[in-house]
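Analysis of the macromolecular model
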Amino acid sequence: MRENTGNPSTFTFLKWFNFFVYGTMVLFTSFFQLYLQDVGMNKLEIGVLMSIGPLVSVFANPFWGIWTGRYQNNRVVVLLMLAGTLLFSQIIFQASTYETIYTAMILFYFCQTPLFAQSNTLVLSYIDGTPLRFGSFRLFGSLGWALTAIAAGPVIQFGGVSVLPYLFAVLLGLSIVSLAAMPKLRSSIGTAPLPLRGFRLLFRNPYFLFFIFFGMLVSIPNTINNTFMSLYINDMGGSKTMIGLAVFLSSILEAGVFMLCKRYLRRKISVLVGWLALVSVLFVLRWWLMSQATLPLEVALIQILHSVTFGGFFYVGTELTMLLIPGPYRSCGQALYTLSWGGISGMIGGILGGWLFQYLGAQSMYEFCVFLSLIGALGYGGMWFIIKRDDYRPTAATHDELEEDGI
């Protein structure tokens, strides 16, 4: 008998758990900014507040990873994280001072930011030893994200942003119930904390460093858009329904892009770097179109490009990291790639975007996004030319290098 296999209802509950977790988070990423603006925060204050998350995640991910590894019970850890996310979110919604909001946001992010990684580990632990594939469960998460966004828009439009705390609590409650209904895990697939060994070698690889640097230039505008698109639509006079439509259109095709990339893209460094250059050009086009938009519907339709730009970039970036970094150091490379894309870029994007939006306006903000993405596109184009010309292939880590870093 397989260790973690229950009856079929276990996997049904697991799919619904993914659906509700992702549905909860889309409420936060897409509509929470409207709530903050409604309680009196300006664009810069909202950007600073939202930038706390990437900073907190640097410490939160290792913390929860260590506890998961120590107790080998990922289900209990995720339940604690969900309970903390629910508790601190309600404190945020009830807060009457900036000090309370900032304190509660730090604690909220401490529970929320590692939730996707821990949820993925939870799914893998339950299906370990079964013929079930992770993708079918992740698909329910994508559906939860897209369908909740388009359904929540009309509800918030009708009831106002004051209904957001109740929607958030209901979906988080359903997530907790779905997980509590599943049987206990007898074993968990461990999650490793942020690896520290091997970083020295990464900084000796100029191709990897330029890949990370240009990637940050491309990802900062993406963070700015994720943070402020809903406020942009709102300032144009667009409805909450239109915001929900924009988020729906940005995510509904993402799974298909991942599948196409996996099937048709060759795992060769020059091909992948060339693809990053092309995707960066599409980012340039996307931000230019956003800067020129005059109607909320235009903004919503432009978000269709998100599936190709973000989906294509993140998938290829993950694959390229695997090719640029020797085997023993790949976990370090993936950690640095994720940290640069979601962590450092998230902090810079929230603050920089908030300042630009507040003092120069949305059009200037998106024009600056065009500028950053264009530099990133030119940088990747230059990398592609050099790699193609020199037929670059990374060398494997030597025995001395492995010993030097204690691996």
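Model, not experiment: these values are computed from the prediction.

**Observations concerning the packing of helix α4 (residues 74-94) against helix α8 (residues 164-180)**
Viewed as axis vectors pointing N to C, α4 and α8 meet at an angle of 165°, and their least axial separation amounts to 10 Å. Judged by the angle between their axes, α4 and α8 are roughly antiparallel. As for how α4 packs across α8, the hand of that crossing is left-handed. Contacts between α4 and α8 involve Arg75, Val78, Leu79, Leu82, Ala83, Thr85, Leu86, Ser89, Gln90 and Phe93 on the former and, on the latter, Leu164, Pro165, Phe168, Ala169, Leu172, Ser175, Ile176, Leu179 and Ala180. For the contact of α4 with α8, a count of residues per class yields 14 nonpolar, four polar and one charged.

**Structural notes on the nonpolar core**
Core analysis: the biggest nonpolar cluster contains 115 residues, and Leu14, Phe17, Phe32, Phe211, Phe313, Leu324 and Tyr380 have the highest contact counts within it. Of all the elements, helix α1 (residues 8-38) adds the most residues to this core, at 16 residues. Counting residues domain by domain, this core receives three or more from each of domain 1 (1-187) and domain 2 (197-392).

**Digging into the pattern of salt bridges**
In the structure shown here, the tally under the stated rule is two salt bridges. A salt bridge links Asp235 to Lys43; the shortest N-O distance between them is 3.2 Å. With Asp235 in helix α10 (residues 206-235) and Lys43 in helix α2 (residues 43-50), the pair connects residues that are 192 residues apart, well separated along the chain. Residue Asp235 is classed as partly exposed on the basis of its relative accessible area, which comes to 42%. Take Lys43: its relative accessible area is 13%, and that puts it in the buried class.

**Here we look at the packing of α4 against helix α5 (residues 98-112)**
Viewed as axis vectors pointing N to C, α4 and α5 meet at an angle of 160°, and their least axial separation amounts to 8 Å. Taken together, α4 and α5 sit at an angle that is classed as roughly antiparallel. The hand of the α4/α5 crossing is left-handed. Between α4 and α5, the residues in contact are Met81, Gly84, Thr85, Phe88, Ser89, Ile91 and Ile92 and Thr100, Ile101, Ala104, Met105, Leu107, Phe108, Cys111 and Gln112, respectively. Considered class by class, the residues forming the contact of α4 with α5 number ten nonpolar, five polar and no charged.

**Quick notes on helix α6 (residues 115-127)**
The first and last C-alpha atoms of α6 sit 18 Å apart over 13 residues, in line with the 18 Å expected at 1.5 Å per residue. Where α6 is concerned, the buried positions are Leu115, Gln118, Ser119, Thr121, Leu122, Val123, Ser125, Tyr126 and Ile127. Where α6 ends, the next residue or the one after it, Gly129, has phi of about 85°, a positive value.

**Details of the packing of aromatic side chains**
Overall, the coordinates contain 28 aromatic pairs when judged by the stated rule. With 5.3 Å between their ring centres and 70° between their planes, Trp16 and Phe19 make a pair best called edge-to-face. Taken together, the residues Trp16 and Phe19, both in helix α1 and three residues apart, mark about one turn of the helix. Given the relative accessible area of 15%, Phe19 is considered buried. By relative accessible area, Trp16 is classed as partly exposed at 37%. Connected via pairs of aromatic rings, a cluster forms that spans Phe28, Phe32, Tyr35, Phe93, Phe108, Tyr109 and Phe168. Over the face of the ring belonging to Phe357 we find Lys43, whose NZ or CZ atom lies 4.9 Å from the ring centre.

What counts and what doesn't
Residues numbered from 1 in each chain as written. Predicted model: local features only at pLDDT ≥ 70, side-chain atom pairs only at ≥ 80, totals over all residues. Heavy atoms only, no water. Axes fitted to C-alpha atoms, helices over the stretch in contact; angles between N-to-C directions. Helix = DSSP H or I, 4+ residues; strand = E, 2+ residues; numbered from the N terminus. Parallel < 35°, antiparallel > 145°, perpendicular 65-115°, else oblique. Left-handed = near helix turned anticlockwise from the far one by under 90°. Contact = heavy atoms within 4.5 Å. Nonpolar A, V, L, I, M, F, W, Y, C, P; charged D, E, K, R; others polar. Core = buried A, V, L, I, M, F, W, Y, C linked by side-chain atoms within 4.5 Å. Buried < 20%, exposed > 50% of the residue type's maximum accessible area, 1.4 Å probe, protein only. Domains from an automatic or database assignment. Salt bridge = Lys/Arg side-chain N within 4 Å of Asp/Glu carboxyl O. Expected span 1.5 Å × (residues − 1). Phe/Tyr/Trp six-rings, centres within 6.5 Å; stacked < 30°, edge-to-face > 60°. Lys NZ or Arg CZ within 6 Å of the ring centre and 35° of its normal.

Geometry only, nothing functional implied.
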